[in-house]
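Chains, contacts and geometry: an overview
Letter by letter, the chains look like this.
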Amino acid sequence: MPTTSNPAIRNLLTLDGALAPAGTGRSGGGAPSAAPDRPITLDDIVVKTLTVLAVLTVSAVLTVFFALGFLALPALLAGLGIGIHLSVRPRPGAGPVLLFAAVQGIVLGEATRFFDGLHPGVGTQAVLGTGCLFAGTLAAYATRVVRVSAKVTRWAVGLAIGLLVLFLADLVASEVFGADLGLRDGGVVAVVVSVVVIAAASFFFLVEFEAANRFLQSGASHRWAWYVAFGLAMTLVWLYLELLRLLSYLRWW
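Scope of this entry: the structure provided in the associated data block. (Residues numbered from 1 in each chain as written. Predicted model: local features only at pLDDT ≥ 70, side-chain atom pairs only at ≥ 80, totals over all residues. Heavy atoms only, no water.)

In this section: the environment of Ala54. Structurally, Ala54 can be placed in helix 2 (residues 42-65). For Ala54, a relative accessible area of 39% translates into the label partly exposed. (Helix = DSSP H or I, 4+ residues; strand = E, 2+ residues; numbered from the N terminus. Buried < 20%, exposed > 50% of the residue type's maximum accessible area, 1.4 Å probe, protein only.)

See the structure below:
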């Protein structure tokens, strides 16, 4: 069974006790529970994911409406810290996940305001594009048009690592040496890089759907639905921000 490249769901699937049947009297972290817990269901994952997305959306709208863009940098750092913490020390709870959604919403709101100010309409287009890609990958997974193999998953993970190294190299070249590698300047290379990133993020949805399906089949505690929602939200945020960037490039042409 392939594992996901998303550290949140990958850790979720390998956490001791997380995949134990809920009725065994063990909590998500493996400790004995006072009473048998009900197993996770698809409804749990759907409801928790929609809740996280609602918090993201409300936070983004409030950021734009009340001009809270000055909070974007602290929110970015807070979101990074919470994301790393949840990835390294996964836990089945709503609090950290909803806090992650709230601070990421501030980042999304300010990013949308910035890009929409430069190119009116790109925010709406990015929202529609993200929704279409999510729905398309879900349909492809549900109908088994695309099958998630271990080999393809390893290729996707390698691509993600390669992109990360590339972006770090671009940052170092720009900040230290004053050189521009052309990865984010709106040119042809920048557009190609954004398309590759969007394709990679879309594929990660397929891998995460497979991971969530395995989780459902395990009969683990319903509380872990929050963590599944967290993993999906991470990729949604990544995809949306990259779509904003790509759409802004295309407006320059």
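Before going further, it helps to examine the nonpolar core. Counting residues in each nonpolar core, the largest one holds 53 residues, and the members touching the most others are Val52 and Leu244. Broken down by element, this core gets its largest block of residues, 17 residues, from helix 8 (residues 225-252). Residues within four places of Val52 in sequence aside, it is in contact with Val97, Leu98, Ala101, Trp226, Ala229 and Ala233. (Core = buried A, V, L, I, M, F, W, Y, C linked by side-chain atoms within 4.5 Å. Contact = heavy atoms within 4.5 Å.)

What follows is about the side chain of Thr49. Mapped onto the fold, Thr49 is located in helix 2. Judged by relative accessible area, which is 10%, Thr49 ranks as buried. Once you skip the residues sitting within four places of it in the chain, Thr49 turns out to touch Ala229 and Leu232.

Scanning all chains against the criterion turns up 10 aromatic pairs. With a centroid separation of 4.9 Å and an interplanar angle of 85°, the aromatic rings of Phe65 and Phe66 are classed as edge-to-face. We note that Phe65, like Phe66, is exposed. With centroids separated by 5.0 Å and ring planes inclined at 80°, the aromatic side chains of Phe100 and Phe230 adopt a geometry described as edge-to-face. Note that Phe100 is positioned in helix 4 (residues 94-118) and Phe230 in helix 8, a separation of 130 residues in sequence. The structure contains a cluster of three or more aromatic residues connected by ring pairs, namely Phe100, Trp224, Tyr227 and Phe230. (Phe/Tyr/Trp six-rings, centres within 6.5 Å; stacked < 30°, edge-to-face > 60°.)

What follows covers the packing of helix 4 against helix 8. Viewed as axis vectors pointing N to C, helix 4 and helix 8 meet at an angle of 5°, and their least axial separation amounts to 10 Å. It follows from the interaxial angle that helix 4 and helix 8 lie roughly parallel. Seen from helix 4, the contacting residues are Ala94, Val97, Leu98, Phe100, Gln104, Leu108, Ala111, Thr112 and Phe115; seen from helix 8, they are Trp226, Phe230, Met234, Val237, Tyr240, Leu241, Leu244, Arg245 and Ser248. Here the contact of helix 4 with helix 8 is composed, by residue class, of 14 nonpolar, 3 polar and 1 charged. (Axes fitted to C-alpha atoms, helices over the stretch in contact; angles between N-to-C directions. Parallel < 35°, antiparallel > 145°, perpendicular 65-115°, else oblique. Nonpolar A, V, L, I, M, F, W, Y, C, P; charged D, E, K, R; others polar.)

Now for a nonpolar patch on the surface. A grouping of Val58, Val61, Leu62, Phe65 and Phe66 is seen on the molecular surface, where their side chains present a nonpolar patch of about 530 Å² in accessible area. Mapped onto the elements of the fold, Val58 is located in helix 2. Exposure remark for Val58: the relative accessible area of 48% places this residue in the partly exposed category. (Patch = residues over 30% accessible without salt bridge, like charges linked within 9 Å, V, L, I, M, F, W, Y side chains within 5 Å. Areas by Shrake-Rupley, 256 points an atom, 1.4 Å probe, with all protein chains shown as cover. Salt bridge = Lys/Arg side-chain N within 4 Å of Asp/Glu carboxyl O.)

At a closest axis distance of 9 Å, the pairing of helix 5 (residues 122-142) and helix 8 adopts a crossing angle of 130°. Comparing the axis directions of helix 5 and helix 8 gives the class oblique. Crossing of helix 5 over helix 8 shows right-handed handedness. Contacts between helix 5 and helix 8 involve Val122, Gly123, Gln125, Ala126, Val127, Gly129, Thr130, Leu133 and Phe134 on the former and, on the latter, Leu236, Leu239, Tyr240, Leu243, Leu244, Leu247 and Arg251. (Left-handed = near helix turned anticlockwise from the far one by under 90°.)

What follows covers the layout of surface pockets. Of the volumes computed, that of the second largest pocket is approximately 470 Å³. Lining the second largest pocket are 19 residues, with Thr57, Leu108, Val127, Thr130 and Tyr240 positioned closest to its centre. Taken together, the elements giving at least two residues each to the lining of the second largest pocket come down to helix 2, helix 4, helix 5 and helix 8. (1 Å grid on protein atoms, 1.4 Å probe; cavity = no way out; pocket = protein on both sides within 12 Å on 5 of 7 lines; lining within 4 Å. Points joined across faces, edges and corners; volume = space filled by probe spheres on them.)

Turning our eyes to something else, we now look at the pattern of salt bridges. Within the structure shown, the criterion is met by 3 salt bridges. Ionic pairing is found between Arg38 and Asp44, a salt bridge with its closest N-O pair at 2.8 Å. Look at Arg38 and you get partly exposed, because its relative accessible area is 40%.

Read these as layout, nothing more, since geometry by itself doesn't imply function.
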